[in-house]
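Fold and contact review
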Amino acid sequence: MAAVIQIPKITKAIVVRKATSSIKPVYHDAILEERSIPELKAGQVLVRLHAAAFNHRDNWIRKGLYPGIGFGSILGADGAGVVVASSDKHDALLQKRVFLVPMRGWERDPDAPESFFFILGGGKATPLGTFTQYLVVERDQVILTPDHLDDVHAAAWPLGAVTAWRAVVVNGAVKKGDNVLITGIGGGVALITLQLCIARGANVYVSSGNEEKIRKAVELGAKGGVNYKASDWPTQLGALLEKNAASALSVVIDSGGGDILGKTSPILKAGGRVVVFGMHAYPKVTMTMREVMRNQKLLGSTMGSKQDLVDATDFLAEHRIVPIVSHVLEGLDAAEQGFQLLEHGDHFGKIVIRITSDSPKTSLPKL
């Protein structure tokens, strides 16, 4: 028997449906539907979602560019709210604020997933997603929200955090005094990467095709930045390092792909690391004998384990880090606006839906 008697029977959710239009390129539909809430089984809890955040994969799913699309499944991987019911009436999680673990199949192995790995939202592997009012999940797949975060900022954390933590800490081994380049600043993962590196005592430099995003990154603590649209941006970055009495980069954390290693190799120390967690611009990364002879390392970094997310959240709580939120949309009805914002790419930080009107209001930082 569930611990809360008045469990709702129906939830509204944003569901991905196969495009009804024949217009090319394809853009699948995101439909607000009503779904029945299943009865709680042993070990499960019911979470009332107060906020859910967009990721680029949500838009890629609608474009048909993401593998394993599950038509009829709920979109969204990131969400935060309150546990309102449990299969165990004595569950310590009842009425606790939590956020959802956004992936399955990787619990704690330091190298790679232990089993089939997938991310919540819009996929065939599970119908679960966070763009919904209520969600039934296993109780070990939620994490307590740190006290210093409201639900909007908690929703902006999980998927970006686990990706950034693995890139920065596990693979990048960023430490105090390191000089770190983060490419493509402005997106959720890159900004969390910036916050983690600064909290670990590193000197951070950024690149972007948008001067305003570079300015905002400097306000957040970056030492400086370069516009990657300039053909000589590596030379400009080298001059910036020299100006700050830095001999070379220690680590590059990249999401673009392409010749990032070749371009940064002259200003990357011998034995330095280039960690690539995405290839948004190019489908491959090149490496030559020059980098081999300098013992420079190219490391792929995809997502992370639940333990990585727990470790990242402990670090976030210790350092009182607040994820950067660009836009807060009111209600699931406003989801289409979020997809448009993702497509335009002008946002700086996460785009979040405040699902419930009675959740605490959020003040966005002035940047």
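Residues numbered from 1 in each chain as written. Predicted model: local features only at pLDDT ≥ 70, side-chain atom pairs only at ≥ 80, totals over all residues. Heavy atoms only, no water.

**Regarding the pairing of strand S11 (residues 203-208)**
We apply this condition: Think of it in three bands: residues with accessible area under 20% of the maximum for their type are buried, residues over 50% are exposed, and the middle band is partly exposed, with areas taken using a 1.4 Å probe on protein chains only. Here a helix means four or more residues in a row that DSSP labels H or I, a strand means two or more in a row labelled E, and each is numbered from the N terminus. Paired strands, as defined in this entry, are two strands with at least two bridges between them according to DSSP. The definition of a right-handed crossover adopted here requires that, viewed with the strands pointing away, the path from the first strand over the helix to the second runs clockwise.
Taking burial as the measure, the six residues of S11 include five buried ones, the bulk of the element. Across four bridges, the pairing between strand S10 (residues 179-182) and S11 is parallel. What sits directly across from Ile 182, in S11, is Val 206. Tracing the backbone out of S10, into helix H4 (residues 188-199) and back to the parallel element S11 gives a crossover that is right-handed. Traced from S11 through helix H5 (residues 211-219) to strand S12 (residues 224-227), the parallel crossover comes out right-handed.

**Quick look at unusual backbone geometry**
Backbone torsion omega between Lys 24 and Pro 25 reads 0°, so that peptide bond is classified as cis. Looking at the secondary structure, you find Pro 25 in the loop between strand S1 (10-17) and strand S2 (29-36). Positive phi is not limited to glycine here, since Met 303 has a value of about 50°. Here Met 303 is to be found in the loop between strand S15 (297-300) and helix H9 (306-319).

**Details of the nonpolar core**
Short version of the rule: Joining through side-chain atoms within 4.5 Å is the link that ties buried Ala, Val, Leu, Ile, Met, Phe, Trp, Tyr and Cys residues into a set, and such a set is a nonpolar core. Contact between two residues is taken to exist if any of their heavy atoms lie within 4.5 Å; hydrogens are not considered.
Counting 54 residues, the largest nonpolar core has Cys 197 and Ile 253 as its most contacted members. Ranked by residue count, the leading element in this core is helix H3 (residues 158-171), at eight residues. Apart from residues lying up to four places away in sequence, Cys 197 is in contact with Val 168, Val 174, Val 180, Ile 182, Ala 202, Val 204 and Ile 253. Core analysis: the next-biggest nonpolar cluster, separate from the first, contains 33 residues, Phe 54, Phe 131, Phe 339 and Leu 341 among them.

**Comments concerning the environment of Asp 333**
Along the polypeptide, Asp 333 turns up in the loop between strand S16 (325-330) and helix H10 (335-344). Along the backbone, Asp 333 and Met 287 are 46 residues apart, and their C-alpha atoms lie at a distance of 46 Å.

**Concerning the packing of H3 against H4**
Formally: As a rule, the C-alpha atoms of each element are fitted with a line to give its axis, helices using only the stretch in contact, and angles between N-to-C directions run from 0 to 180 degrees. Between 65 and 115 degrees an angle is taken as roughly perpendicular, under 35 as roughly parallel, over 145 as roughly antiparallel, and anywhere else as oblique. Take the far helix as your reference; a near helix turned counterclockwise from it by less than a right angle gives a left-handed crossing, and one turned clockwise gives a right-handed crossing.
Look at H3 against H4: their axes get within 8 Å of each other, and the N-to-C directions meet at 50°. The angle between H3 and H4 falls in the class oblique. H3 and H4 meet at a crossing whose hand is right-handed. In this structure, H3 contributes Gly 160, Ala 161, Thr 163, Ala 164, Trp 165 and Val 168 to the contact, and H4 contributes Val 189, Ile 192, Thr 193, Leu 196 and Cys 197.

**A look at the layout of surface pockets**
Applied cut-off: Both cavities and pockets are sets of points on a 1 Å grid over the protein atoms alone; in a cavity a 1.4 Å probe fits but cannot get out, in a pocket the set is open with protein on both sides within 12 Å along at least five of seven lines, and lining residues sit with an atom within 4 Å of a point. Grid points are joined across faces, edges and corners, and a volume is the space filled by probe spheres set on the points. Classification used: nonpolar for Ala, Val, Leu, Ile, Met, Phe, Trp, Tyr, Cys and Pro, charged for Asp, Glu, Lys and Arg, polar for all others including Gly.
For the second largest pocket, the calculated volume is near 320 Å³. Contributing to the lining of the second largest pocket are 17 residues, with Ser 36, Pro 38, Pro 127, Leu 128 and Leu 135 lying nearest its centre. With three residues, strand S8 (residues 134-138) is the largest single contributor of residues to the lining of the second largest pocket. Partitioning the lining of the second largest pocket into residue classes produces eight nonpolar, six polar and three charged.

**Digging into the environment of Ala 335**
Summarising the element assignment, Ala 335 is placed in helix H10. Taking the relative accessible area as the measure of exposure, Ala 335 reaches 3% and is therefore buried. Counting along the chain gives 13 residues from Ala 335 to Val 322, while the straight-line C-alpha distance between them is 23 Å. Apart from the residues lying within four places of it in its own chain, the contact partners of Ala 335 are Ile 14, Phe 54 and Ile 353.

**So, the pairing of S8**
Where burial is concerned, most of S8 is hidden: four out of the five residues are buried. With five bridges joining them, strand S3 (residues 44-53) and S8 adopt antiparallel strand pairing. Across the sheet, Gln 44 pairs through a bridge with Glu 138, a residue of S8.

**Here we look at the packing of aromatic side chains**
Formally: Any pair of Phe, Tyr and Trp rings, taking the six-membered ring for Trp, is counted once the centres come within 6.5 Å. Such a pair is stacked with planes under 30 degrees apart, edge-to-face with planes over 60 apart, and tilted for the rest. Charge-over-ring placement is defined geometrically: NZ (Lys) or CZ (Arg) within 6 Å of the ring centre, and within 35 degrees of the ring normal.
Under the defined criterion, the tally for this structure stands at five aromatic pairs. Between Phe 54 and Phe 131, the aromatic rings sit 4.9 Å apart at their centres with planes inclined by 65°, giving edge-to-face as the arrangement. You can see Phe 54 sitting in the loop between S3 and helix H1 (56-62) and its partner Phe 131 sitting in the loop between strand S7 (118-119) and S8, a full 77 residues away along the chain. When its relative accessible area of 2% is taken as the criterion, Phe 54 is described as buried. Members of the aromatic cluster, connected to one another through ring pairs, are Phe 54, Phe 131 and Phe 339. Directly above the ring of Tyr 66 sits Arg 57, whose terminal nitrogen or CZ lies 4.6 Å from the centroid. The residue whose ring lies beneath Arg 62 is Phe 339, and the NZ or CZ to ring-centre distance is 4.5 Å.

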